[in-house]
Amino acid sequence: MRTSTSSGPAVVLALALSLAIAPAPAHAADTGMDPGLWAGLQARSIGPAAMSGRVTAVEGVESAPDTVYVGAASGGVWKTVDGGLTWEPIFDDQAVASIGAIAVFQKNPDVVWVGTGEGNPRNSASVGDGVYRSGDGGRTWTHLGLDATERISRIVLDPDDPDVAYVAALGREWGENAERGVFKTTDGGRTWKKVLYVDERTGAADLALDPANPRKLFAAMWQYRRWPWGFKSGGPGSGLHVSYDGGATWKRLTAEDGLPKGELGRIGIAVARSAPEIVYAVVEAKRSAIVRSADGGRTWKTVNDDPENAERPFYYAHIWVDPARPNRVYDLMARVKVSDDSGATFERLGRSRDIHGDYHALWIDPRRPEHMVIGEDGGLGVSRDRGATWQFVSDLPIGQYYHVAVDQDVPYHVYGGLQDNGAWRGPSSVWERDAIRNGAWQDIGFGDGFDCRPDPRDSTRGYSLWQGGHVIVWDVKTGERRPVHPVKAA
């Protein structure tokens, strides 16, 4: 499959003629159905294409910056070689589709590493099965183990040795396990050694390597746990660690070194490429803060303790430094914020809100830092002017449906809500042309769209759910969308 912005609207989600033509159920033999009857059915894309979906990892090739790899929350890995004009899915044949991290060995960019399992442990995040590596730019992949890590938040590579890699593994979201922490390989992933481990409740949330000294690393350890009824971020296991010997030994940094006091939560780290002695971290704490080190991480100083700069750490807690300007810092949250004074003050970055919200990943071209590629809940954006303006990439089909429903019209309509991309109604087929276009889909909800149900007597109106347990009544003829709720008892 190959999609292109130059060939008209692209579809975002392949629906296999709804659930009615899904693969034969396990109890097919009990119903007397012949499974062979399903063999000729194939999925076909019907849309919608008005949005994309959650991007969790972005990595570019420094020597060929129009080549970019993108990882999706549950849509695999995609590659462009023309700056985002066209995209090719390169991970569809693998066992999992949830991506947490991508790393390119820049001295030979055909070597690409992928860590599976989304690193943002929301209550609807999919899981992975370890690490993969390609030696041919993503045409083929080798599975390298770490299967039980479940979700990988970062991979960093030794810039000179293609066989040395470090993996930050979060571990299970809904339980405890020992397969978490920082892992290292020195033989291209054939074997792994756990080089930093706290306990079965604490995983590695971020990892950064000093570009001037590849044996020096910073690791953010995060104690976290999700239950069906709640989420706990932080605990005694959380902390920032530094190693000076390639991960053989680690020192945990504390409040005495300048970090926030008390129990910590999730931490994001960034080392300034043009001045590696400058290091930043966004730290979840009782008083969350952005801290900065000017001596390579030995001592730290709080430069900003505005709680808005760490507003939702479990979902976004990453910070980036402009490769050419060590005092220019990007903080990714619901909005993208930028600081030009080492984190002391922040302002919204350009027109970044125009493409969507809830940002998770950023790649900045180190040779031309005005070229930026950013990933968020709505898809992918590309900027050529340091974030002042953005082009939305409209042809990445990675939308995430929570529910799907159909009506009894002829042809029937398909209904469903997408993660952070509203709720939609569209036809299963059209008779007046050969393609279902964007205009055939109608918006019937907003936010995190969940279940949608048409009125069985009149499919042009119905009900949709959105986050927080809210319900709306919609009418596509009048455009009405009205919230409804049970009447409160007197």
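Rules used throughout
Residues numbered from 1 in each chain as written. Predicted model: local features only at pLDDT ≥ 70, side-chain atom pairs only at ≥ 80, totals over all residues. Heavy atoms only, no water. pLDDT = per-residue confidence, 0-100. Contact = heavy atoms within 4.5 Å. Buried < 20%, exposed > 50% of the residue type's maximum accessible area, 1.4 Å probe, protein only. Helix = DSSP H or I, 4+ residues; strand = E, 2+ residues; numbered from the N terminus. Pairing = 2+ DSSP bridges. Core = buried A, V, L, I, M, F, W, Y, C linked by side-chain atoms within 4.5 Å. Polar contact = N/O pair within 3.5 Å; in protein donor to acceptor, adjacent residues only side chain to side chain. Lys, Arg positive; Asp, Glu negative; His and termini not counted. Salt bridge = Lys/Arg side-chain N within 4 Å of Asp/Glu carboxyl O. Axes fitted to C-alpha atoms, helices over the stretch in contact; angles between N-to-C directions.

A. Looking closely at the confidence of the model for the chain. Mean pLDDT over the chain stands at 90; residues scoring 70 or higher make up 93%. Below pLDDT 50 for its whole length, residues 1-28 participates in 66 contacts with residues either more than four positions away or in separate chains.

B. Geometry of the pairing of strand β29 (residues 359-364). The buried count for β29 comes to six of six residues, which makes it a mostly enclosed element. Pairing geometry for β29 and strand β30 (residues 372-376), over five bridges, is antiparallel. Within β30, the position partnered with tryptophan 363 by the bridge is valine 373.

C. View of the nonpolar core. In this structure, Phe218, Leu240, Ile267, Ile269, Val291 and Trp300 are the most contacted members of the largest nonpolar core, which totals 18 residues. For this core, the secondary-structure elements that each account for two or more residues are β17 (213-227), β19 (239-243), β21 (264-271), β22 (279-285) and β23 (289-293). Leave out the neighbours within four places in its chain, and leucine 240 touches Ala219, Ala220, Lys251, Arg252, Leu253, Leu259, Ile267, Ile269 and Trp300. Counting residues in hydrophobic clusters, the runner-up holds 16 residues, among them Ala103, Trp113, Leu146 and Ile155.

D. Looking closely at the environment of histidine 356. With respect to the secondary-structure elements, histidine 356 resides in the loop between β28 (347-348) and β29. In the structure, histidine 356 is positioned 138 residues away from phenylalanine 218 in sequence and 31 Å away in space, judged by C-alpha atoms. The residues touching histidine 356, leaving out its near neighbours within four places in the chain, are Glu376, Asp377, Gly378, Asp420 and Asn421. One polar contact links the side chain of histidine 356 to the main-chain carbonyl oxygen of aspartate 420, over a distance of 3.1 Å.

E. Broad picture of the side chain of lysine 184. Along the chain, the position of lysine 184 falls in strand β14 (residues 181-185). Of the buried charged residues, lysine 184 lacks a salt bridge, with aspartate 158 as the closest side chain of opposite charge at 7.2 Å. Among the polar contacts listed, one links the side chain of lysine 184 to the backbone oxygen of glycine 246, at a separation of 2.9 Å. Setting aside residues up to four positions removed in sequence, lysine 184 forms contacts with Val164, Ala165, Tyr166, Thr191, Trp192, Lys193, Val195 and Gly246.

F. Local environment of the sheet that holds strand β15 (residues 193-196). The four strands are arranged β12-β13-β14-β15 in an open sheet whose pairing can be described as antiparallel. The strands lining the two open edges of the sheet, one partner per strand, are β12 (152-157) and β15. Each strand of the sheet is rotated relative to its neighbour by a mean of 30°, with strand direction disregarded. As judged from the five bridges shared by strand β13 (residues 165-169) and β14, these two strands associate in the antiparallel manner.

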